[in-house]
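Listed below, chain by chain, are the residues.
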Amino acid sequence: MGSDAVSGVVLGHVDLGEADRIVRLLTAEEGRISLLARGARSSRKRFGGLLDLGMRVRVERARGRGLLARIADVELVEAVDRARTEIERIALLAYGCELVGRLAGEDVPAPRLAHLLVVWLELLEGEAMPGSASRQSLEGKALTFSGLLPSLTTCAACDQPLEGGVRFDYEHGPVHVECGLGTPVTAAALARLEELRRTPLFETPGQAPSPAGWVLAEHAQHQLGGVLKSRGLLADLALP
Ligand SMILES: [Zn+2]
């Protein structure tokens with residue numbers, strides 16, 4: 001029993017019975033956590049939209065006998081505003097929350113991933129429209145912070161620099177054609193991904209994306225062992 005407070009970004013929810021919801025949050029201190037929101041389903045007024053995707057909130061949490069702590073109170077830290085007004089931003093919001101949230105562990109500290117998601121949300125609220133270069137930069141950073149990004153400039157098999165046409169092996173990383181199998185990609189396209197990975201997110205709108213397309217998303221999916229569902233909508237939009 002007892003209560004405490006935690007701040008985080010709403011990653012989504014699942015319905016529980018007729019009235020309740022389980023809400024997932026990404027927090028710096030505890031990574032991904034799940035909380036019980038009693039009445040969130042039966043009464044719209046109960047939490048007033050504060051538990052929608054991408055909202056930054058401070059939650060007062062009450063612990064009872066159950067496995068899940070319950071949300072006793074929610075306070076808004078920062079709302080999703082502009083990012084709800086355009087389909088491209090909505091898709092980028094959903095994708096960022098899913099990718100970063102999935103890469104964070106459950107109940108283990110994730111300060112860098114939590115901060116990355118906050119910067120992503122701020123980017124989506126800004127004037128400039130983020131594009132594919134922004135998305136690739138986010139993927140590179142998120143994989144780096146979760147320890148899952150292989151070198152993008154050297155071969156995962158022989159450690160020598162990549163040149164010309166290469167392969168991306170989603171288990172081990174990019175390899176020379178003679179060193180392994182995988183999705184065809186060029187060393188130049190991977191070098192561009194590496195540049196974008198090191199570029200602050202706020203500088204990415206308007207920048208040229210890497211021709212490597214979705215290889216980092218594919219790599220993340222392979223490492224996570226499951227599809228990133230929000231990728232479909234984003235891919236359909238054909239962002240610049
Ligand atoms: Zn090699």
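The structure displayed is predicted, hence computed values, not measured ones.

1. Some remarks on the overall build of the chain
When helices and strands are tallied, the chain shows six helices and eight strands. Principal-axis analysis of the C-alpha atoms places the extent of the chain at approximately 60 × 40 × 30 Å. Out of the 240 residues belonging to the chain, those deemed buried represent 47%. When the accessible surface of the chain is split by element, carbon and sulfur atoms take 51% of a total near 11,600 Å². Put simply, the chain has 27 plus and 31 minus side-chain charges, and the middle of one group is 6 Å from the middle of the other.

2. A word on the pattern of salt bridges
Throughout the structure, instances matching the rule amount to 15 salt bridges. Between Asp 4 and Arg 61 there is a salt bridge, with its nearest N and O atoms 2.8 Å apart. You can see Asp 4 sitting in strand S1 (residues 2-16) and its partner Arg 61 sitting in strand S4 (residues 56-63), a full 57 residues away along the chain. With a relative accessible area of 30%, Asp 4 lands in the partly exposed category. The shortest N-O distance in the salt bridge between Asp 52 and Arg 84 comes to 3.2 Å. Here Arg 84 lies in the loop between strand S5 (69-78) and helix H1 (87-103) and Asp 52 lies in the loop between strand S3 (31-37) and S4, a separation of 32 residues in the sequence. A relative accessible area of 34% places Asp 52 in the partly exposed class. One salt-bridge network, in which partners are shared between bridges, spans Asp 4, Glu 30 and Arg 61.

3. Things to note about the packing of helix H3 (residues 132-145) against helix H4 (residues 187-198)
Each pair of packed helices can be described by the angle between their axes along with the distance between the axes. At a minimum axis distance of 8 Å, the contact between H3 and H4 shows a crossing angle of 80°. Here H3 is positioned roughly perpendicular relative to H4, judged by the angle of their axes. Only Leu 193, Leu 196, Arg 197 and Arg 198 of H4 make contact with H3, whose side of the interface consists of Ala 133, Gln 136, Ser 137, Gly 140, Lys 141 and Thr 144. The residue makeup of the contact of H3 with H4, split by class, is three nonpolar, four polar and three charged.

4. Here we look at the domain arrangement of the chain
For an interface, size is often stated in terms of accessible area lost upon the parts coming together. Segmenting the chain into domains produces domain 1 (2-78) and domain 2 (82-237). Distance from the C-alpha centre of domain 1 to the C-alpha centre of domain 2: 28 Å. Between domain 1 and domain 2, the contact holds 16 residues from the first and 21 residues from the second. Between domain 1 and domain 2 the total buried area reaches about 1,300 Å² when both faces are included, carbon and sulfur atoms providing 61% of it. Per-residue buried area on domain 1 facing domain 2 is highest for Leu 26, Arg 32 and Leu 53; these three make up 40% of the total on that side. Applying the counting rule to domain 1 against domain 2 returns three salt bridges.

5. Notes on the sheet that holds strand S2 (residues 20-27)
Two pairing modes exist for strands in a sheet, parallel and antiparallel, and in both the strands are linked by backbone hydrogen bonds. Ordered in space as S1-S2-S3-S5-S4, the five strands form a closed barrel in which the pairing is mixed. Direction aside, the axes of adjacent strands within the sheet are offset by 50° on average. Here eight bridges tie S1 to S4, and the two strands are oriented antiparallel to one another. Bridged to Asp 4 within S4 is Arg 61. Across the sheet, H1 is in contact with S1, S2 and S3; its angle to S1 comes to roughly 120°.

6. Here we look at the pairing of S2
Counting buried positions over the eight residues of S2 gives six, a clear majority of the element. Bridge count between S1 and S2: seven bridges; the pairing is antiparallel. Bridging from a neighbouring strand, Gly 12 pairs with Arg 24 of S2. Linking S1 back to S2 in an antiparallel pair, the connection comprises three residues, with Gly 17 at a positive phi of about 65°. Bridge count for S2 against S3 is seven bridges, and the pairing is antiparallel. Among the inter-strand pairings, Arg 24 is bridged to a residue of S3, identified as Ser 34. The turn joining S2 and S3, which pair antiparallel and follow one another in sequence, is formed by three residues.

Quick notes on the rules
- Residues numbered from 1 in each chain as written.
- Predicted model: local features only at pLDDT ≥ 70, side-chain atom pairs only at ≥ 80, totals over all residues.
- Heavy atoms only, no water.
- Helix = DSSP H or I, 4+ residues; strand = E, 2+ residues; numbered from the N terminus.
- Buried < 20%, exposed > 50% of the residue type's maximum accessible area, 1.4 Å probe, protein only.
- Areas by Shrake-Rupley, 256 points an atom, 1.4 Å probe, with all protein chains shown as cover.
- Lys, Arg positive; Asp, Glu negative; His and termini not counted.
- Charge placed at Lys NZ, Arg CZ, Asp CG, Glu CD.
- Salt bridge = Lys/Arg side-chain N within 4 Å of Asp/Glu carboxyl O.
- Axes fitted to C-alpha atoms, helices over the stretch in contact; angles between N-to-C directions.
- Parallel < 35°, antiparallel > 145°, perpendicular 65-115°, else oblique.
- Contact = heavy atoms within 4.5 Å.
- Nonpolar A, V, L, I, M, F, W, Y, C, P; charged D, E, K, R; others polar.
- Domains from an automatic or database assignment.
- Buried area = accessible area lost by both parts, 1.4 Å probe.
- Pairing = 2+ DSSP bridges.

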